[in-house]
Amino acid sequence: MKRILVINVARIGDTLLSTPALRALAAKWPQAQVTFLGHPKRVEVMEHLPFLAACGGITKHRARWRGWLPGARWDLALVLGFDQELVAYALRVANDVVAFRQGNPRLDARLRHCVEPPAAQSQHGVSMQLLLTRALGIPDAGLRLSYTVTKEERAQARARLSQLGLDTAKPLVGLQVRAFPTKAWRDWPIGHFAALCGRIGQRWHGAHFLLFGGAEDRSRTEELIKLVPGKATSLAGLLDLRESAAVMNELDLFIGLDSGPTHIMGALEAPMIALYHCLAPGRFMQPLERTRCYVVDHPRSPQACDADTPMGEIPVEVVWNRVVEALG
């Protein structure tokens, strides 16, 4: 096997969930060139991974027009997800294709391995991605997520913290106070975050809080800054994805909701606390094989939970106990 293509057009978190499968491919065929194609706005999270030869962007709409003319071909392609346009593209450019059953008999019949998708919330997201490599008889090469911060990015992050006067803040605590705009039920109340910050500040007087997120998160970050005056700095909407990840790599502790930045943190090293709603418990998405990762699940079971179940039912005291354990 000389050339392998992996396609996964997804959000940040689901993109990173494919890194154990990519690592397994590279371990099986260490001499092969592995190319990754993902969402154009998300694929940068895969840059600089040591087991990838190249990465680039693709969408299901662009895929309809690609691969018809003679060009680069791959010996093997894996397609994660359920976009038939991406599977059809892979069939045009690769000798063998492995993908989940698409429900299109004409496509499914052409797959080298047509893998049955698991039932919803029946296994961890990483295990779901590994179903494709396991179908090829490839052993797992670890379940940990992968992300690479370059030396240049690390230097830039440290310079940015110095400019903000935060290079001596101890502990420097990062907060992701919003999940997805369309999934507000995953958001822990800002009042709870403020109470937690207050307790951290009382215990560690030199603590400072860095607030991450996009421009759409500014209203929540600004609300929190007002509640902890002089103790928090918002980077929401000011950094691109890789710049944010590099700064996160310098934290003493990260506390986040079920979101892309939390997945990125799951591939880094600093202590982290991740909060999960009962509709999406941590056992399906939490970082695996990650030391110093503290999971806080909603107290309700999925059977007693719906989108109206407030994240505020996770008490501040429970998260505070994890903070003490992480920074202790």
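As a starting point, this report considers the structure included with it.

**Overview of the nonpolar core**
Turning to step 1, where the next piece is worked out: In terms of nonpolar packing, the biggest core is built from 61 residues, with V6, Y147, L210 and I264 touching the most fellow members.
Turning to step 2, where the next piece is worked out: Filtering out sequence-adjacent residues up to four positions away, I264 remains in contact with I12, L16, V45, Y147, L241, A245 and M248.
Turning to step 3, where the next piece is worked out: One finds V173, A232, L253 and M311 within the second-largest nonpolar core, a separate group that totals 33 residues.

**A word on empty space enclosed by the protein**
Turning to step 1, where the next piece is worked out: For the coordinates displayed, the defined rule picks out 1 cavity of 30 Å³ or more.
Turning to step 2, where the next piece is worked out: Of the voids in this model, the largest cavity is the one considered here, and its volume is about 40 Å³.
Turning to step 3, where the next piece is worked out: The residue makeup of the lining of the largest cavity, split by class, is 4 nonpolar, 3 polar and 1 charged.

**Observations regarding the state of the cysteines**
Turning to step 1, where the next piece is worked out: Under the definition given, this model contains 1 disulfide.
Turning to step 2, where the next piece is worked out: Between the sulfur atoms of C278 and its disulfide mate C305 the distance is 2.0 Å. Judged by the sign of its S-S torsion, about 75°, the cystine formed by C278 and C305 is right-handed. You can see C278 sitting in the loop between β11 (272–276) and α12 (282–285) and its partner C305 sitting in the loop between β12 (293–297) and α13 (316–327), a full 27 residues away along the chain.

**Concerning the layout of surface pockets**
Turning to step 1, where the next piece is worked out: In this structure, the largest pocket occupies an estimated 720 Å³ of space.
Turning to step 2, where the next piece is worked out: Together, 32 residues line the largest pocket, and D14, L17, G125, M128 and M285 are the ones closest to its centre.
Turning to step 3, where the next piece is worked out: Of all the secondary-structure elements, those providing two or more residues to the lining of the largest pocket are α1 (12–16), α6 (125–135), α11 (260–265) and α12.
Turning to step 4, where the next piece is worked out: Ranked by residues supplied to the lining of the largest pocket, first place goes to α6 with 3 residues.
Turning to step 5, where the next piece is worked out: Residues of the lining of the largest pocket, tallied by class, amount to 14 nonpolar, 12 polar and 6 charged.
Turning to step 6, where the next piece is worked out: Computed from the structure, the second largest pocket encloses a volume of approximately 540 Å³.
Turning to step 7, where the next piece is worked out: Forming the boundary of the second largest pocket are 25 residues, of which I12, G213, G214, E216 and P261 lie nearest the centre.
Turning to step 8, where the next piece is worked out: Within the residue set of the lining of the second largest pocket, elements represented by two or more residues are α1, α10 (241–248) and α11.
Turning to step 9, where the next piece is worked out: Sort the elements by how many residues they give to the lining of the second largest pocket and α10 lands first, with 4 residues.
Turning to step 10, where the next piece is worked out: In terms of residue class, the lining of the second largest pocket is made up of 12 nonpolar, 7 polar and 6 charged.

**Section: the pattern of salt bridges**
Turning to step 1, where the next piece is worked out: As enumerated under the stated definition, the model contains 15 salt bridges in all.
Turning to step 2, where the next piece is worked out: In this structure, D96 engages R112 in a salt bridge whose closest nitrogen and oxygen atoms are separated by 3.9 Å. With D96 in strand β5 (residues 94–100) and R112 in the loop between α5 (105–108) and β6 (113–115), this pair connects stretches of sequence that are 16 residues apart.
Turning to step 3, where the next piece is worked out: Notably, a salt bridge pairs R101 with E116, separated by 2.4 Å at the nearest N-O pair. Residue R101 is found in the loop between β5 and α5, and its partner E116 is found in the loop between β6 and α6; the two are separated by 15 residues along the sequence.

**Quick look at the packing of helix α8 (residues 190–203) against helix α9 (residues 218–227)**
Turning to step 1, where the next piece is worked out: At a minimum axis separation of 9 Å, α8 and α9 run at an interaxial angle of 40°. Taken together, the axes of α8 and α9 are oblique relative to one another. The crossing of α8 and α9 is right-handed. Contacts from I190, F193 and A194 of α8 reach α9 at R220, E223, L224 and L227.

Basis of the calculations
Residues numbered from 1 in each chain as written. Predicted model: local features only at pLDDT ≥ 70, side-chain atom pairs only at ≥ 80, totals over all residues. Heavy atoms only, no water. Core = buried A, V, L, I, M, F, W, Y, C linked by side-chain atoms within 4.5 Å. Buried < 20%, exposed > 50% of the residue type's maximum accessible area, 1.4 Å probe, protein only. Contact = heavy atoms within 4.5 Å. 1 Å grid on protein atoms, 1.4 Å probe; cavity = no way out; pocket = protein on both sides within 12 Å on 5 of 7 lines; lining within 4 Å. Points joined across faces, edges and corners; volume = space filled by probe spheres on them. Nonpolar A, V, L, I, M, F, W, Y, C, P; charged D, E, K, R; others polar. Disulfide = S-S within 2.5 Å. Helix = DSSP H or I, 4+ residues; strand = E, 2+ residues; numbered from the N terminus. Salt bridge = Lys/Arg side-chain N within 4 Å of Asp/Glu carboxyl O. Axes fitted to C-alpha atoms, helices over the stretch in contact; angles between N-to-C directions. Parallel < 35°, antiparallel > 145°, perpendicular 65-115°, else oblique. Left-handed = near helix turned anticlockwise from the far one by under 90°.

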